[in-house]
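Geometric and topological summary
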Amino acid sequence: MSIELSYPMSRRSLLGAGGGFLLATTLRARAAAPIDRRIVAAPTRARLAGVGHPETDVWAYDGTVPGPIVRLRQGVPARIVVENQLDQDTTVHWHGIRLPNAMDGVPGLTQPPIKPGESFTYEFTPPDAGTFWYHPHANSLEQLGRGLAGAVIVEEREPPMVDRDLLWLLADWRLTAEGEIAAGFGNRMEAAMSGRVGNTVTLNGRVSEEEPARAGERIRLRLVNGSLARVMALRFEGHRPVIVAVDGQPCDPHEPKGGRILLGPAMRIDIAIDLQGEPGRRYRVIDDFYDGLSYWVTQLAYDDEAPIRAHPLEAPLSLLRNPVPEPDLADAERHELTLQGGMMGGGGMAGMGGMMGGGMMGMGGGVAWAINGMSMTGDGHAGMEPALTFRRGRSIVLTLRNQTAWWHPMHFHGHSMLVLSRNGAPVPYRQWQDTVLMAPKDAVEVAFVADNPGDWMLHCHVMDHQMAGMMTVLRVA
Ligand code: C2O
Ligand code: CU
(Lines give C-alpha, C1' and ligand atoms only; values in the text may rest on other atoms or scores of the structure.)
(Ligands and ions follow the chains in the order given, each with its own letter.)
Protein backbone atom coordinates (compact mmCIF):
# COMPACT_ATOMS: atom_id res chain seq x y z
CA MET A 1 0.00 0.00 0.00
CA SER A 2 1.83 3.09 -1.21
CA ILE A 3 0.82 6.33 0.32
CA GLU A 4 0.32 8.76 -2.49
CA LEU A 5 0.99 12.36 -1.72
CA SER A 6 -1.54 14.16 -3.80
CA TYR A 7 -0.53 17.66 -2.87
CA PRO A 8 1.16 19.56 -5.64
CA MET A 9 0.11 19.77 -9.22
CA SER A 10 1.75 16.76 -10.72
CA ARG A 11 2.22 15.65 -14.27
CA ARG A 12 -0.54 13.17 -13.64
CA SER A 13 -3.00 15.92 -12.85
CA LEU A 14 -1.84 17.72 -15.97
CA LEU A 15 -2.66 14.57 -17.84
CA GLY A 16 -6.18 14.93 -16.60
CA ALA A 17 -6.53 12.46 -13.76
CA GLY A 18 -9.69 13.72 -12.18
CA GLY A 19 -9.67 15.84 -9.06
CA GLY A 20 -5.92 16.26 -8.72
CA PHE A 21 -5.95 19.77 -10.08
CA LEU A 22 -8.73 21.00 -7.84
CA LEU A 23 -7.02 19.59 -4.79
CA ALA A 24 -3.78 21.29 -5.73
CA THR A 25 -5.51 24.62 -6.14
CA THR A 26 -7.20 24.39 -2.78
CA LEU A 27 -3.94 23.55 -1.03
CA ARG A 28 -2.14 26.42 -2.72
CA ALA A 29 -4.75 28.91 -1.56
CA ARG A 30 -4.21 27.79 2.02
CA ALA A 31 -0.45 27.73 1.72
CA ALA A 32 0.44 30.60 3.97
CA ALA A 33 -1.79 29.67 6.90
CA PRO A 34 0.09 28.25 9.89
CA ILE A 35 -0.25 24.52 10.39
CA ASP A 36 -2.13 23.49 13.47
CA ARG A 37 -2.74 19.89 14.42
CA ARG A 38 -3.03 17.38 17.19
CA ILE A 39 -1.57 13.89 17.48
CA VAL A 40 -2.52 11.30 20.07
CA ALA A 41 -0.17 8.51 21.14
CA ALA A 42 -2.17 5.50 22.37
CA PRO A 43 -2.33 1.70 22.28
CA THR A 44 -4.31 0.14 19.46
CA ARG A 45 -4.24 -2.90 17.19
CA ALA A 46 -2.85 -3.18 13.67
CA ARG A 47 -2.93 -5.79 10.93
CA LEU A 48 0.76 -5.79 10.09
CA ALA A 49 0.87 -8.99 8.08
CA GLY A 50 -2.24 -8.08 6.08
CA VAL A 51 -5.74 -9.45 5.63
CA GLY A 52 -6.19 -12.98 6.94
CA HIS A 53 -3.41 -12.60 9.51
CA PRO A 54 -3.86 -11.87 13.19
CA GLU A 55 -3.86 -8.35 14.54
CA THR A 56 -1.01 -7.12 16.68
CA ASP A 57 -1.16 -4.98 19.82
CA VAL A 58 0.78 -1.84 18.98
CA TRP A 59 1.31 1.67 20.24
CA ALA A 60 0.45 4.22 17.60
CA TYR A 61 0.00 7.87 16.70
CA ASP A 62 -3.64 8.61 15.87
CA GLY A 63 -4.46 4.90 15.81
CA THR A 64 -2.47 4.02 12.70
CA VAL A 65 0.86 2.33 12.03
CA PRO A 66 2.78 4.22 10.85
CA GLY A 67 1.34 7.42 12.28
CA PRO A 68 -0.26 10.00 10.00
CA ILE A 69 2.01 11.89 7.64
CA VAL A 70 2.70 15.23 9.23
CA ARG A 71 2.73 17.51 6.25
CA LEU A 72 4.40 20.85 6.80
CA ARG A 73 5.48 23.62 4.49
CA GLN A 74 8.93 25.11 4.23
CA GLY A 75 9.03 28.39 6.13
CA VAL A 76 5.46 28.12 7.42
CA PRO A 77 5.00 27.95 11.21
CA ALA A 78 3.59 24.73 12.62
CA ARG A 79 1.98 24.00 15.95
CA ILE A 80 1.53 20.36 16.87
CA VAL A 81 -0.09 19.29 20.12
CA VAL A 82 0.95 15.79 21.17
CA GLU A 83 -1.33 14.07 23.65
CA ASN A 84 -0.07 11.10 25.63
CA GLN A 85 -2.60 8.31 26.16
CA LEU A 86 0.04 5.70 26.88
CA ASP A 87 0.59 4.49 30.42
CA GLN A 88 4.15 5.83 30.46
CA ASP A 89 6.02 9.07 29.72
CA THR A 90 6.72 10.00 26.14
CA THR A 91 8.04 12.85 23.97
CA VAL A 92 8.25 13.42 20.22
CA HIS A 93 11.51 14.05 18.40
CA TRP A 94 11.16 15.61 14.92
CA HIS A 95 14.08 13.75 13.46
CA GLY A 96 16.25 15.82 11.12
CA ILE A 97 14.37 19.09 11.38
CA ARG A 98 16.58 22.04 12.32
CA LEU A 99 14.30 23.46 14.97
CA PRO A 100 14.74 25.36 18.24
CA ASN A 101 16.28 23.27 21.00
CA ALA A 102 13.21 23.46 23.26
CA MET A 103 11.17 21.68 20.54
CA ASP A 104 13.64 18.82 20.05
CA GLY A 105 11.82 16.31 22.22
CA VAL A 106 14.63 14.98 24.39
CA PRO A 107 13.31 14.27 27.90
CA GLY A 108 15.20 16.02 30.67
CA LEU A 109 17.55 17.74 28.25
CA THR A 110 15.14 19.89 26.20
CA GLN A 111 11.72 19.39 27.80
CA PRO A 112 9.99 17.62 30.66
CA PRO A 113 8.58 14.27 29.54
CA ILE A 114 4.89 14.24 28.62
CA LYS A 115 3.17 12.34 31.43
CA PRO A 116 0.26 9.97 30.78
CA GLY A 117 -2.88 12.03 30.20
CA GLU A 118 -0.92 15.18 29.48
CA SER A 119 0.08 16.95 26.31
CA PHE A 120 2.87 19.11 24.98
CA THR A 121 2.76 21.71 22.22
CA TYR A 122 5.56 21.67 19.68
CA GLU A 123 5.97 24.90 17.75
CA PHE A 124 8.54 25.46 15.05
CA THR A 125 8.98 26.66 11.48
CA PRO A 126 10.76 24.09 9.33
CA PRO A 127 13.57 25.81 7.42
CA ASP A 128 14.17 22.90 5.05
CA ALA A 129 11.88 21.09 2.65
CA GLY A 130 12.25 17.31 2.47
CA THR A 131 11.55 13.95 4.04
CA PHE A 132 11.85 13.73 7.81
CA TRP A 133 10.19 11.61 10.49
CA TYR A 134 8.95 11.70 14.04
CA HIS A 135 9.25 9.21 16.86
CA PRO A 136 9.40 9.12 20.68
CA HIS A 137 12.59 9.95 22.56
CA ALA A 138 11.47 8.32 25.81
CA ASN A 139 11.76 4.58 26.36
CA SER A 140 12.62 4.78 22.66
CA LEU A 141 13.59 1.18 22.13
CA GLU A 142 10.21 -0.10 23.20
CA GLN A 143 8.04 2.83 22.03
CA LEU A 144 9.50 2.83 18.53
CA GLY A 145 9.57 -0.97 18.53
CA ARG A 146 5.85 -1.06 19.32
CA GLY A 147 4.94 1.20 16.43
CA LEU A 148 5.26 4.87 17.37
CA ALA A 149 6.69 6.48 14.24
CA GLY A 150 5.52 8.55 11.32
CA ALA A 151 6.84 10.58 8.42
CA VAL A 152 7.12 14.34 8.25
CA ILE A 153 7.01 15.76 4.76
CA VAL A 154 8.01 19.37 4.44
CA GLU A 155 6.71 20.45 1.08
CA GLU A 156 8.91 22.42 -1.28
CA ARG A 157 7.80 25.89 -2.28
CA GLU A 158 8.25 24.76 -5.89
CA PRO A 159 7.67 21.02 -5.99
CA PRO A 160 9.43 19.10 -8.76
CA MET A 161 7.40 17.66 -11.59
CA VAL A 162 6.67 13.98 -11.06
CA ASP A 163 3.72 11.77 -11.88
CA ARG A 164 3.47 10.45 -8.35
CA ASP A 165 5.11 11.37 -5.08
CA LEU A 166 5.20 8.27 -2.87
CA LEU A 167 6.28 7.47 0.65
CA TRP A 168 7.51 4.08 1.81
CA LEU A 169 8.06 4.05 5.53
CA LEU A 170 9.81 0.74 6.15
CA ALA A 171 9.77 -0.80 9.59
CA ASP A 172 11.07 -3.98 11.12
CA TRP A 173 9.16 -5.97 13.74
CA ARG A 174 9.92 -8.99 15.83
CA LEU A 175 6.66 -10.92 15.90
CA THR A 176 5.79 -14.18 17.63
CA ALA A 177 4.02 -17.03 15.84
CA GLU A 178 0.77 -15.59 17.22
CA GLY A 179 1.50 -12.24 15.60
CA GLU A 180 2.25 -10.39 18.82
CA ILE A 181 5.30 -8.23 19.36
CA ALA A 182 7.95 -10.40 21.00
CA ALA A 183 9.00 -9.45 24.52
CA GLY A 184 12.62 -8.95 25.48
CA PHE A 185 13.30 -5.34 24.61
CA GLY A 186 16.72 -4.38 25.93
CA ASN A 187 18.31 -7.82 25.76
CA ARG A 188 21.90 -7.18 26.81
CA MET A 189 23.49 -9.59 24.41
CA GLU A 190 21.71 -7.95 21.47
CA ALA A 191 22.49 -4.52 22.78
CA ALA A 192 26.20 -5.35 22.54
CA MET A 193 25.82 -6.76 19.03
CA SER A 194 23.55 -5.81 16.12
CA GLY A 195 20.62 -4.60 18.20
CA ARG A 196 17.06 -5.88 17.96
CA VAL A 197 16.71 -6.94 14.34
CA GLY A 198 13.23 -8.36 13.73
CA ASN A 199 11.63 -10.92 11.44
CA THR A 200 8.93 -8.95 9.62
CA VAL A 201 9.42 -5.89 7.44
CA THR A 202 6.43 -3.68 6.70
CA LEU A 203 5.93 -0.97 4.09
CA ASN A 204 3.64 1.76 5.41
CA GLY A 205 2.51 -0.57 8.17
CA ARG A 206 1.75 -3.69 6.10
CA VAL A 207 3.74 -6.56 4.71
CA SER A 208 3.57 -5.67 1.02
CA GLU A 209 3.05 -8.11 -1.84
CA GLU A 210 3.08 -5.46 -4.51
CA GLU A 211 2.91 -1.76 -5.18
CA PRO A 212 1.15 -0.50 -8.30
CA ALA A 213 3.23 0.87 -11.16
CA ARG A 214 2.40 2.35 -14.52
CA ALA A 215 4.77 2.17 -17.47
CA GLY A 216 6.33 5.49 -18.41
CA GLU A 217 5.73 7.19 -15.07
CA ARG A 218 8.35 9.18 -13.25
CA ILE A 219 7.92 8.69 -9.54
CA ARG A 220 9.54 10.28 -6.55
CA LEU A 221 9.85 7.71 -3.81
CA ARG A 222 10.63 8.81 -0.28
CA LEU A 223 12.23 5.92 1.58
CA VAL A 224 12.31 6.07 5.37
CA ASN A 225 13.96 3.38 7.48
CA GLY A 226 11.98 3.41 10.72
CA SER A 227 13.57 0.21 12.07
CA LEU A 228 15.10 -0.18 15.50
CA ALA A 229 18.22 -1.83 14.18
CA ARG A 230 17.82 -3.27 10.68
CA VAL A 231 20.12 -1.83 8.04
CA MET A 232 18.71 -2.16 4.51
CA ALA A 233 20.33 -2.30 1.08
CA LEU A 234 17.58 -1.99 -1.53
CA ARG A 235 17.82 -2.98 -5.15
CA PHE A 236 15.07 -2.31 -7.66
CA GLU A 237 15.15 -5.22 -10.11
CA GLY A 238 15.04 -3.96 -13.71
CA HIS A 239 15.13 -0.29 -12.70
CA ARG A 240 17.69 2.47 -12.24
CA PRO A 241 16.78 4.65 -9.30
CA VAL A 242 18.49 8.02 -8.95
CA ILE A 243 19.16 9.37 -5.47
CA VAL A 244 17.95 12.98 -5.30
CA ALA A 245 17.98 13.65 -1.55
CA VAL A 246 19.50 12.11 1.57
CA ASP A 247 18.04 12.76 5.02
CA GLY A 248 15.75 15.39 3.54
CA GLN A 249 18.57 17.37 1.96
CA PRO A 250 18.86 17.49 -1.84
CA CYS A 251 22.11 16.06 -3.19
CA ASP A 252 23.71 15.88 -6.62
CA PRO A 253 21.41 13.38 -8.37
CA HIS A 254 23.29 10.11 -8.80
CA GLU A 255 22.75 6.40 -9.17
CA PRO A 256 23.68 4.42 -6.05
CA LYS A 257 26.88 2.39 -6.17
CA GLY A 258 26.15 -1.06 -7.53
CA GLY A 259 22.47 -0.11 -7.76
CA ARG A 260 22.13 -0.70 -3.98
CA ILE A 261 20.54 1.94 -1.80
CA LEU A 262 22.05 1.69 1.65
CA LEU A 263 19.55 2.81 4.24
CA GLY A 264 20.49 2.64 7.91
CA PRO A 265 17.96 3.01 10.72
CA ALA A 266 16.52 6.58 10.80
CA MET A 267 17.92 7.48 7.37
CA ARG A 268 15.77 8.80 4.55
CA ILE A 269 16.60 8.64 0.87
CA ASP A 270 14.46 10.20 -1.85
CA ILE A 271 14.84 8.55 -5.21
CA ALA A 272 13.46 9.32 -8.64
CA ILE A 273 12.63 6.36 -10.87
CA ASP A 274 11.50 6.39 -14.47
CA LEU A 275 9.31 3.33 -14.67
CA GLN A 276 10.59 1.72 -17.85
CA GLY A 277 9.44 -1.81 -17.09
CA GLU A 278 7.05 -3.80 -19.25
CA PRO A 279 3.31 -3.46 -18.77
CA GLY A 280 1.91 -6.47 -16.94
CA ARG A 281 5.24 -7.47 -15.34
CA ARG A 282 6.42 -7.50 -11.76
CA TYR A 283 9.81 -6.48 -10.48
CA ARG A 284 11.12 -7.24 -7.04
CA VAL A 285 12.50 -4.74 -4.60
CA ILE A 286 15.16 -6.72 -2.79
CA ASP A 287 16.93 -6.04 0.49
CA ASP A 288 20.18 -8.00 0.58
CA PHE A 289 22.07 -6.15 3.29
CA TYR A 290 22.70 -9.16 5.53
CA ASP A 291 24.74 -11.92 3.91
CA GLY A 292 22.60 -14.88 3.03
CA LEU A 293 19.42 -13.23 4.35
CA SER A 294 18.13 -11.52 1.26
CA TYR A 295 14.35 -11.14 0.94
CA TRP A 296 12.05 -8.92 -1.05
CA VAL A 297 10.32 -5.94 0.46
CA THR A 298 7.68 -5.71 -2.26
CA GLN A 299 7.26 -5.88 -6.03
CA LEU A 300 6.56 -3.12 -8.49
CA ALA A 301 3.48 -4.47 -10.25
CA TYR A 302 2.89 -2.85 -13.64
CA ASP A 303 -0.65 -2.65 -14.90
CA ASP A 304 -1.40 -3.66 -18.48
CA GLU A 305 -1.76 -0.14 -19.83
CA ALA A 306 0.53 1.24 -22.51
CA PRO A 307 3.24 3.63 -21.27
CA ILE A 308 1.91 7.05 -20.37
CA ARG A 309 4.63 8.70 -22.44
CA ALA A 310 6.60 7.50 -25.44
CA HIS A 311 10.03 8.49 -24.14
CA PRO A 312 11.30 8.88 -20.60
CA LEU A 313 11.57 12.47 -19.40
CA GLU A 314 14.98 13.88 -20.13
CA ALA A 315 15.84 16.36 -17.46
CA PRO A 316 17.01 14.71 -14.25
CA LEU A 317 14.82 15.35 -11.28
CA SER A 318 16.59 17.89 -9.17
CA LEU A 319 15.46 19.59 -6.03
CA LEU A 320 16.20 23.10 -4.88
CA ARG A 321 18.83 23.33 -2.15
CA ASN A 322 17.75 24.09 1.37
CA PRO A 323 19.19 27.07 3.25
CA VAL A 324 21.71 25.01 5.24
CA PRO A 325 24.72 27.19 6.16
CA GLU A 326 27.95 26.28 4.39
CA PRO A 327 30.81 25.44 6.80
CA ASP A 328 34.06 27.34 6.27
CA LEU A 329 36.49 24.44 6.06
CA ALA A 330 39.60 26.62 6.09
CA ASP A 331 38.62 28.11 9.42
CA ALA A 332 36.92 25.14 11.05
CA GLU A 333 37.50 23.81 14.54
CA ARG A 334 38.38 20.10 14.46
CA HIS A 335 37.27 17.40 16.87
CA GLU A 336 37.16 13.62 17.00
CA LEU A 337 34.53 11.29 18.35
CA THR A 338 35.52 7.66 18.69
CA LEU A 339 32.90 4.94 18.91
CA GLN A 340 33.88 2.11 21.21
CA GLY A 341 32.61 -1.11 22.70
CA GLY A 342 30.37 -3.98 21.68
CA MET A 343 31.15 -7.64 21.32
CA MET A 344 33.95 -8.72 19.04
CA GLY A 345 33.02 -11.01 16.18
CA GLY A 346 34.52 -13.84 18.25
CA GLY A 347 32.52 -13.11 21.38
CA GLY A 348 34.99 -11.09 23.48
CA MET A 349 34.51 -7.49 24.45
CA ALA A 350 36.14 -4.87 22.29
CA GLY A 351 37.61 -1.60 23.39
CA MET A 352 36.24 -1.87 26.90
CA GLY A 353 38.03 -2.28 30.18
CA GLY A 354 41.07 -0.09 30.55
CA MET A 355 40.01 2.58 28.16
CA MET A 356 36.84 3.44 29.96
CA GLY A 357 37.64 2.61 33.55
CA GLY A 358 35.45 3.78 36.35
CA GLY A 359 33.43 0.63 36.92
CA MET A 360 30.59 1.94 34.78
CA MET A 361 31.43 -0.49 32.05
CA GLY A 362 30.67 -4.14 31.71
CA MET A 363 27.51 -5.90 30.74
CA GLY A 364 26.29 -5.98 34.33
CA GLY A 365 25.29 -2.33 34.17
CA GLY A 366 23.63 -2.65 30.78
CA VAL A 367 26.41 -0.53 29.32
CA ALA A 368 28.02 -1.86 26.19
CA TRP A 369 29.16 1.17 24.20
CA ALA A 370 30.92 4.47 24.62
CA ILE A 371 31.88 7.62 22.74
CA ASN A 372 35.33 8.98 23.64
CA GLY A 373 35.35 6.73 26.69
CA MET A 374 32.07 8.04 28.08
CA SER A 375 28.79 6.16 28.15
CA MET A 376 25.51 8.04 28.37
CA THR A 377 22.64 5.60 28.56
CA GLY A 378 18.90 5.80 28.07
CA ASP A 379 17.04 8.42 26.02
CA GLY A 380 18.19 11.64 27.58
CA HIS A 381 17.84 13.04 31.07
CA ALA A 382 18.59 16.16 33.04
CA GLY A 383 22.17 17.09 33.80
CA MET A 384 23.90 15.49 30.84
CA GLU A 385 27.23 17.27 30.51
CA PRO A 386 28.29 18.14 26.97
CA ALA A 387 31.31 16.28 25.59
CA LEU A 388 32.15 19.29 23.42
CA THR A 389 31.08 22.93 23.45
CA PHE A 390 31.09 25.02 20.27
CA ARG A 391 30.84 28.76 20.00
CA ARG A 392 27.72 29.67 18.08
CA GLY A 393 28.43 30.31 14.41
CA ARG A 394 31.71 28.34 14.35
CA SER A 395 32.39 25.90 11.54
CA ILE A 396 33.15 22.46 12.91
CA VAL A 397 34.78 19.43 11.33
CA LEU A 398 34.09 16.23 13.23
CA THR A 399 35.89 12.99 12.59
CA LEU A 400 33.80 10.03 13.62
CA ARG A 401 35.87 6.90 14.13
CA ASN A 402 34.20 3.55 14.48
CA GLN A 403 36.55 1.33 16.46
CA THR A 404 33.90 -1.35 16.85
CA ALA A 405 33.04 -4.43 14.82
CA TRP A 406 29.44 -3.25 14.20
CA TRP A 407 27.48 -0.83 12.00
CA HIS A 408 26.24 2.41 13.53
CA PRO A 409 23.92 5.05 12.04
CA MET A 410 25.13 8.13 13.93
CA HIS A 411 22.53 10.87 14.34
CA PHE A 412 23.15 14.47 15.36
CA HIS A 413 20.17 16.55 16.45
CA GLY A 414 19.40 20.08 15.30
CA HIS A 415 21.89 20.29 12.42
CA SER A 416 22.69 18.84 9.02
CA MET A 417 26.22 17.66 8.42
CA LEU A 418 28.05 17.86 5.13
CA VAL A 419 29.80 14.52 4.64
CA LEU A 420 33.35 15.29 3.52
CA SER A 421 35.18 11.99 3.38
CA ARG A 422 35.00 8.33 4.22
CA ASN A 423 38.21 6.49 5.11
CA GLY A 424 40.25 9.27 3.58
CA ALA A 425 38.42 9.32 0.24
CA PRO A 426 36.34 12.38 -0.57
CA VAL A 427 32.61 11.65 -0.84
CA PRO A 428 31.81 11.93 -4.55
CA TYR A 429 28.36 13.52 -4.33
CA ARG A 430 27.80 16.46 -2.05
CA GLN A 431 25.41 15.28 0.58
CA TRP A 432 24.14 16.61 3.85
CA GLN A 433 23.01 14.09 6.42
CA ASP A 434 21.65 14.05 9.92
CA THR A 435 22.28 10.30 10.25
CA VAL A 436 25.57 8.94 8.96
CA LEU A 437 25.84 5.19 8.57
CA MET A 438 29.24 3.91 9.67
CA ALA A 439 30.56 0.50 8.69
CA PRO A 440 32.84 -1.35 11.12
CA LYS A 441 36.19 0.48 11.40
CA ASP A 442 34.99 3.40 9.23
CA ALA A 443 36.31 6.90 9.74
CA VAL A 444 34.02 9.62 8.42
CA GLU A 445 34.63 13.37 8.36
CA VAL A 446 31.63 15.66 8.52
CA ALA A 447 31.34 19.44 8.69
CA PHE A 448 28.65 21.81 9.83
CA VAL A 449 28.10 25.30 11.17
CA ALA A 450 27.21 25.21 14.86
CA ASP A 451 24.47 27.78 14.38
CA ASN A 452 21.66 26.34 16.48
CA PRO A 453 22.07 27.14 20.18
CA GLY A 454 21.41 24.50 22.80
CA ASP A 455 22.41 21.06 24.02
CA TRP A 456 22.06 18.53 21.20
CA MET A 457 22.22 14.77 21.28
CA LEU A 458 24.54 12.80 19.11
CA HIS A 459 23.84 9.09 19.27
CA CYS A 460 23.64 5.82 17.43
CA HIS A 461 20.16 5.20 16.03
CA VAL A 462 20.33 1.46 16.61
CA MET A 463 18.10 1.92 19.61
CA ASP A 464 19.73 -0.76 21.74
CA HIS A 465 23.11 0.87 21.16
CA GLN A 466 21.85 4.29 22.19
CA MET A 467 20.24 2.91 25.34
CA ALA A 468 23.44 1.02 26.17
CA GLY A 469 25.79 3.98 26.01
CA MET A 470 26.42 5.13 22.44
CA MET A 471 25.20 8.64 23.07
CA THR A 472 26.70 12.00 23.88
CA VAL A 473 25.75 15.67 24.02
CA LEU A 474 27.26 18.54 22.05
CA ARG A 475 26.60 22.10 23.17
CA VAL A 476 26.28 25.15 20.97
CA ALA A 477 26.64 28.20 23.19
CU1 C2O B 1 15.72 9.91 15.62
CU2 C2O B 1 17.75 11.18 18.96
O3 C2O B 1 16.72 10.49 17.34
CU1 CU C 1 25.24 1.64 16.98
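Residues numbered from 1 in each chain as written. Chains lettered and ligands numbered in written order. Predicted model: local features only at pLDDT ≥ 70, side-chain atom pairs only at ≥ 80, totals over all residues. Heavy atoms only, no water.

1. Focus: the overall build of the chain
If you tally the helices and strands in the chain, you get five helices and 32 strands. Contacts in the chain between residues far apart in sequence, at least 24 positions, make up 78% of those at least 6 positions apart. Surface summary for the chain: the accessible area is close to 18,300 Å², and the carbon and sulfur share equals 53%. (Helix = DSSP H or I, 4+ residues; strand = E, 2+ residues; numbered from the N terminus. Contact = heavy atoms within 4.5 Å. Areas by Shrake-Rupley, 256 points an atom, 1.4 Å probe, with all protein chains shown as cover.)

2. So, the packing of aromatic side chains
Each aromatic ring pair is summarised here by two numbers: the centre-to-centre distance and the angle between the ring planes. If you walk through the whole model with that rule in mind, you get eleven aromatic pairs. Judged by centre distance (4.6 Å) and plane angle (55°), the rings of Phe-120 and Tyr-122 are tilted. Considered together, Phe-120 and Tyr-122 belong to a single accessibility category, that of buried residues. The ring of Phe-185 carries Arg-196 above its face, with NZ or CZ at 3.8 Å from the centroid. (Phe/Tyr/Trp six-rings, centres within 6.5 Å; stacked < 30°, edge-to-face > 60°. Buried < 20%, exposed > 50% of the residue type's maximum accessible area, 1.4 Å probe, protein only. Lys NZ or Arg CZ within 6 Å of the ring centre and 35° of its normal.)

3. Brief notes about the coordination of the copper ion (ligand 2)
Bound to the copper ion (ligand 2) on the protein side are His-408 (ND1), Cys-460 (SG) and His-465 (ND1), at distances that span 2.0 to 2.1 Å. Sequence positions of the donors to the copper ion (ligand 2) reduce to the motif H-x51-C-x4-H. Of the two residues, His-408 sits in strand S25 (residues 408-412) while Cys-460 sits in strand S31 (residues 454-460), which places them 52 residues apart along the sequence. Overall, His-408 belongs to the buried group, its relative accessible area being 0%. Classification of Cys-460 by relative accessible area gives buried; the value is 0%. (Donors = N, O, S within 2.8 Å, 3.2 Å for Na, K, Ca; no water.)

4. Focus: empty space enclosed by the protein
Following the criterion strictly, the structure yields five cavities of 30 Å³ or more and no others. The volume enclosed by the largest cavity comes to roughly 120 Å³. In this structure, the largest cavity is lined by 16 residues; those nearest its centre are Leu-144, Gly-147, Ala-171, Trp-173 and Gly-226. Of all the secondary-structure elements, those providing two or more residues to the lining of the largest cavity are helix H3 (140-145) and strand S10 (164-173). With four residues, S10 is the largest single contributor of residues to the lining of the largest cavity. Taken domain by domain, the makeup of the lining of the largest cavity includes at least three residues from each of domain 1 (3-155) and domain 2 (164-302). (1 Å grid on protein atoms, 1.4 Å probe; cavity = no way out; pocket = protein on both sides within 12 Å on 5 of 7 lines; lining within 4 Å. Points joined across faces, edges and corners; volume = space filled by probe spheres on them. Domains from an automatic or database assignment.)

5. A closer look at the environment of Met-267
Its location among the elements puts Met-267 in the loop between strand S17 (261-263) and strand S18 (268-274). Spatially, the C-alpha atoms of Met-267 and Asp-247 are 5.8 Å apart, while their sequence positions differ by 20 residues. Not counting the four nearest positions on each side in its chain, Met-267 is found in contact with Leu-223, Val-224, Asn-225, Val-246, Asp-247, Leu-262, Gln-433, Thr-435 and Leu-437.

6. Some remarks on the sheet that holds strand S14 (residues 232-236)
Sheet architecture is open: five strands sit in the order S12-S20-S19-S14-S17, paired in mixed fashion. The open sheet has two free edges, formed respectively by strand S12 (211-213) and S17, since each of these has just one partner strand. Direction aside, neighbouring strands of the sheet carry axes that sit 25° apart on average. For strand S19 (residues 282-287) and strand S20 (residues 295-302), the ladder comprises six bridges, and the chain directions are antiparallel. What sits directly across from Ile-286, in S20, is Trp-296. (Pairing = 2+ DSSP bridges. Axes fitted to C-alpha atoms, helices over the stretch in contact; angles between N-to-C directions.)

7. Looking at unusual backbone geometry
Cis geometry marks the peptide bond from Val-65 to Pro-66, where omega comes out at -10°. Along the chain, Pro-66 falls in the loop between strand S3 (56-61) and strand S4 (70-73). Here Asn-139, not a glycine, exhibits a phi torsion of approximately 40°, which is positive. Given a relative accessible area of 27%, Asn-139 falls into the partly exposed group. Even without a glycine there, the phi angle at Asn-204 is positive, about 50°. Within the secondary structure layout, Asn-204 lies in the loop between strand S11 (200-203) and S12.

8. Describing the sheet that holds strand S8 (residues 130-135)
The mixed open sheet is built from four strands, whose spatial order is S4-S9-S8-S6. What marks the edges here is a single partner per strand, and that holds for S4 and strand S6 (93-95). Averaged over all adjacent pairs, the angle separating strand axes in this sheet is 25°, with direction ignored. The sheet contact formed by S4 and strand S9 (residues 150-155) spans four bridges and is parallel. Counted as the bridge partner of Arg-71 is Ile-153 from S9.

9. Describing the pattern of salt bridges
Under the definition given, this model contains 36 salt bridges. Put simply, Asp-57 and Arg-45 hold a salt bridge, and the shortest N to O gap is 2.8 Å. With a gap of twelve residues between them, Asp-57 in strand S3 and Arg-45 in strand S2 (residues 35-46) connect regions that are remote in the sequence. Using a relative accessible area of 40% as the deciding quantity, one classes Asp-57 as partly exposed. A residue is classified by how much of its surface remains accessible, and Arg-45, at 38% relative accessible area, is partly exposed. Ionic pairing is found between Arg-309 and Asp-163, a salt bridge with its closest N-O pair at 2.9 Å. Linking Arg-309 in the loop between S20 and strand S21 (333-341) with Asp-163 in the loop between S9 and S10, this pair joins segments that are 146 residues apart in sequence. (Salt bridge = Lys/Arg side-chain N within 4 Å of Asp/Glu carboxyl O.)

10. What about the environment of Asp-379?
Here Asp-379 lies in the loop between strand S22 (369-371) and strand S23 (388-390). In this structure Asp-379 comes out as buried when scored by relative accessible area, which is 10%. Sequence-wise, Asp-379 and Ser-140 are 239 residues apart; in three dimensions their C-alpha atoms are separated by 6.6 Å. Contacts of Asp-379, omitting those with residues within four sequence positions, involve Val-106, Pro-107, His-137, Ala-138, Asn-139, Ser-140, Met-457, Gln-466, Met-467 and Met-471.

11. With respect to the nonpolar core
In this structure, Trp-173, Phe-390, Leu-398, Met-410, Phe-448 and Leu-458 are the most contacted members of the largest nonpolar core, which totals 57 residues. Per-element accounting of this core gives the leading share, four residues, to S10. Residues within four places of Leu-398 in sequence aside, it is in contact with His-335, Leu-337, Leu-388, Val-444, Glu-445, Val-446, Phe-448, Leu-458 and Leu-474. One finds Ile-243, Cys-251, Val-297 and Leu-437 within the second-largest nonpolar core, a separate group that totals 32 residues. (Core = buried A, V, L, I, M, F, W, Y, C linked by side-chain atoms within 4.5 Å.)

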